[in-house]
Amino acid sequence: MKQKLILERLLHKYEQSVHLYHPDVSTRRVMLRVDKKEFPEYDYENAGVRDEWNAVARELELQGLISIEWVKGRPVLSRVFLNLNHVMECYRAVGRLHPKERAEIVATRAKERLGAVTVGWIAAWRDNLCAQAQERYVVPAYCRQELTQLDELLTAFVVYDALHGETITMRAFSSRCYQDSKFFERVVRDRFLREARQYNPALSEVCEQGELGIREQLAFMGIYARPELYELSGPCVVETAAGTIDFAAATSCGLALPSTLVDHITALDLNKVDAVTFIENKTNYDEYITSERRASELAVYHGGFLSPQKRKLFAKIATGLPKDVNVSFWADIDLGGFRMFERLQQIFPGLEPMRMSAEDVEAHRANGLKRDMVYLSKLRAALDAGEFPLFQEVGEAILKYGVSIEQEAFLT
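Counting of residues starts from 1 at the beginning of each chain's written sequence and follows it residue by residue. The predicted origin of the model limits local features to residues at a pLDDT of at least 70 and limits the giving and counting of side-chain atom pairs to 80 or more, whereas totals for whole chains, interfaces and linings rest on all residues. Side-chain calculation: all heavy atoms of the structure are included, whereas hydrogens and water are not.

Trainee: Could you give an account of the UniProt feature "domain: Wadjet protein JetD C-terminal" (unreviewed entry) in the protein chain, naming the residues involved and the relevant values?
Mentor: UniProt positions are given in the numbering used here, feature names are shortened, and annotations may be inferred rather than shown by experiment. Those places that UniProt annotates as "domain: Wadjet protein JetD C-terminal" (unreviewed entry) correspond, in this numbering, to residues 251–409. Taken end to end, residues 251–409 comprises 40% helix and 19% strand; its first and last C-alpha atoms sit 27 Å apart. We count a stretch as a helix when DSSP gives it H or I for four or more residues in a row; a strand needs E for two or more, and each element gets its number in order from the N terminus.

Take a look at the structure:
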């Protein structure tokens, strides 16, 4: 429809102008220059095409929606101006909401549905959405035309908040949200994670440290595509209401517990344990339990990040340990490893680093991972700000040689 095309282009310019936020402040007019760049459809050299567009423009002018400027002495359009006194009528004519109206609807809906949420990052998302909508009439791209996708996302947020930190499978979560076990994964999941990565600092941080797949990101949020497996090796006895699991029976091979079992653990017997070693890298864990682990030592595969269920299991280990047991952590010697250490230290206050010293950087620097200036500057700033006090000397060694050390370097 030719009338709609002209109005749409004028409204696009209106939305880019100061008139949208501050009406009656500027004297500049919102215009469409009739040239090949802004109005290529207007072929003034073709009399039939020109006259048809001229008639459309005159009709819009009669309706009071635009005004017209002609090339002097010729029946050729020069410029078309939006009538700012009838902007709302223009939006109705093209079947769209004014950005202010749309923003008010979006903000109101978010406030109504998320007004009582307790999850911090969801509340931060809501507050930022409302602020952007109210101050600048800006709303996410997925709710500029219609609000179905916004409603779907709000539903996911409401149900997630109602979990109060409990874990759930992705299909069960989807069923609670949409009465369809696959709808979340198929339609809403990526949008949900995109907002979570931006507004959940903990998720954002673990994503920065390394490549986390979609399923790992969801697991970090407590939504499981399938149960995680937690690997341990050593003198650990797991008690449940149904019976006992003795890890010592697996000798040096170790066993894996599914995340679904964690909530059913009634006790952990760790009385024969005199040391606990957490190892971030799977290859290093496998090598360690077969060639280095002592009989009285419990080795635990860390896996790089702490999902809610993994954190719960580690907390049970901390509670079950005898007093004065040495607990250590071995990870890549880099920013990610330092951050993992500090998060694990929240569960094990006496945690000590293992093979993460300045001497280890010196010994393995030939096989180190070369770092660019952006990374090194980030590390320098962190050390200067007093972050990672246990790793001050280690950080200086990384800066000195320009390399970080991955765990696999120790295998060579």
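Once the structure has been displayed, the description carries forward.
Trainee: Which residues make up the pairing of strand β13 (residues 326–330), and what are the values?
Mentor: The buried count for β13 comes to four of five residues, which makes it a mostly enclosed element. Note that strand β11 (residues 275–279) and β13 share five bridges and pair parallel. Across the sheet, the residue bridging to Thr-277 is Ser-328, located in β13. One bridge is not enough; two strands pair if DSSP finds at least two bridges between them. In the sheet, β13 pairs with strand β14 (residues 352–353) via two bridges, with the strands oriented parallel. By the bridge assignment, Phe-329 is partnered in β14 with Pro-353. Since β13 and β14 lie parallel, the crossover through helix α13 (residues 335–345) that links them has a hand, and here it is right-handed. Burial here depends on accessible area, computed with a 1.4 Å probe over protein chains only, as a share of the maximum for the residue type. Under 20% is buried, over 50% is exposed, and the range in between is partly exposed. Every crossover in which the path from the first strand over the helix to the second runs clockwise, viewed with the strands pointing away from the viewer, is termed right-handed.

Trainee: Give me the lowdown on the packing of aromatic side chains, citing residues and values where you can.
Mentor: Aromatic pairing here means that ring centres of Phe, Tyr or Trp (its six-membered ring) are within 6.5 Å. Orientation follows from the plane angle: under 30 degrees is stacked, over 60 is edge-to-face, and everything else is tilted. Enumeration according to the criterion identifies 23 aromatic pairs in this entry. Between Trp-121 and Phe-157, the aromatic rings sit 5.4 Å apart at their centres with planes inclined by 90 degrees, giving edge-to-face as the arrangement. Note that Trp-121 is positioned in helix α5 (residues 120–136) and Phe-157 in helix α6 (residues 148–162), a separation of 36 residues in sequence. For the residue pair Trp-121 and Phe-157, the accessibility class agrees, reading buried in each case. Plain terms: the ring middles of Phe-157 and Phe-192 are 5.7 Å apart, the flat faces sit at 45 degrees to each other, and that makes the pair tilted. Highlighted residues: Phe-157 in helix α6 and Phe-192 in helix α8 (residues 183–199), separated in sequence by 35 residues. By relative accessible area, which is 0% here, Phe-157 ends up buried.

Trainee: Could you give an account of the sheet that holds β14, with specific residues and numbers?
Mentor: Two pairing modes exist for strands in a sheet, parallel and antiparallel, and in both the strands are linked by backbone hydrogen bonds. One open sheet holds the six strands; their spatial order is β9-β6-β12-β11-β13-β14, and the pairing between them is mixed. Every other strand in the sheet has two partners, leaving β9 (255–258) and β14 as the edge strands with one partner each. Alignment of strand β6 (residues 229–233) against β9, held across four bridges, turns out to be antiparallel. When the bridges of β9 are listed, Tyr-230 appears paired with Leu-257.

Trainee: Give me the lowdown on the packing of α13 against helix α15 (residues 373–384), citing residues and values where you can.
Mentor: Fitted lines through C-alpha atoms serve as axes, helices being fitted only where they are in contact, and the angles separating the N-to-C directions of these axes extend from 0 to 180 degrees. Running from N to C, α13 and α15 cross one another at 35 degrees; their axes reach a closest spacing of 11 Å. Listed contacts from α15 to Leu-335, Phe-338 and Arg-339 of α13 are Tyr-375, Lys-378 and Leu-379. Residues are grouped as follows: Ala, Val, Leu, Ile, Met, Phe, Trp, Tyr, Cys and Pro are nonpolar; Asp, Glu, Lys and Arg are charged; all remaining types, including Gly, are polar. Residues of the contact of α13 with α15, tallied by class, amount to four nonpolar, no polar and two charged. Two residues form a contact once any of their heavy atoms are found within 4.5 Å.

Trainee: Summarise the pattern of salt bridges; cite the residues concerned and give the values.
Mentor: The rule for a salt bridge is simple: a side-chain nitrogen of Lys or Arg has to be within 4 Å of a carboxyl oxygen of Asp or Glu. If you walk through the whole model with that rule in mind, you get 24 salt bridges. For the salt bridge of Arg-79 with Glu-69, the shortest nitrogen-to-oxygen distance reads 2.8 Å. Of this pair, Arg-79 sits in strand β3 (residues 77–82) while Glu-69 is found in strand β2 (residues 66–70), placing the two residues 10 residues apart along the sequence. Arg-79 gets classed as partly exposed once you look at its relative accessible area, which sits at 26%. A salt bridge links Arg-109 to Asp-151, with the shortest nitrogen-to-oxygen separation between them at 2.9 Å. In this pair, Arg-109 sits in helix α4 (residues 99–114) while Asp-151 sits in helix α6, placing the two residues 42 residues apart along the sequence. Look at Arg-109 and you get partly exposed, because its relative accessible area is 28%.

Trainee: Describe helix α7 (residues 170–178), and please don't skip the residues or the numbers.
Mentor: Along an α-helix, residues three or four positions apart point the same way, because every turn accommodates 3.6 residues. When α7 is considered as a whole, its buried residues turn out to be Met-170, Phe-173, Ser-174, Cys-177 and Tyr-178. What you see down the axis of α7 is that its buried residues fit within an arc of 100 degrees, all on one side. Considering only its buried residues, α7 is in contact with α6, β4 (168–169), α8, α10 (214–220) and β5 (223–224). Directly after α7, the chain includes Gln-179, whose backbone phi takes a positive value near 55 degrees. What the arc covers is the set of directions going from the helix axis to the C-beta atoms.

Trainee: Now, about the environment of Lys-316: what can you tell me, with residues and values included?
Mentor: Along the polypeptide, Lys-316 turns up in helix α12 (residues 308–320). For Lys-316 and Ala-275, which are 41 residues apart along the polypeptide, the C-alpha to C-alpha distance reads 16 Å. Once residues lying within four places of it in the same chain are set aside, the contact partners of Lys-316 are Val-262, Ile-265 and Leu-268.

Trainee: Please provide a residue-by-residue account of the sheet that holds β3, values included.
Mentor: Pairing in this open sheet of three strands is antiparallel, and the strands run β1-β3-β2 from one edge to the other. Where the open sheet ends on each side, the last strands, each with one partner, are β1 (31–33) and β2. This sheet shows a mean twist of 20 degrees between the axes of neighbouring strands, independent of strand direction. Judged from the three bridges that link them, β1 and β3 form a sheet pairing that is antiparallel. Opposite Met-31, over in β3, you have Phe-81 as the bridge partner.

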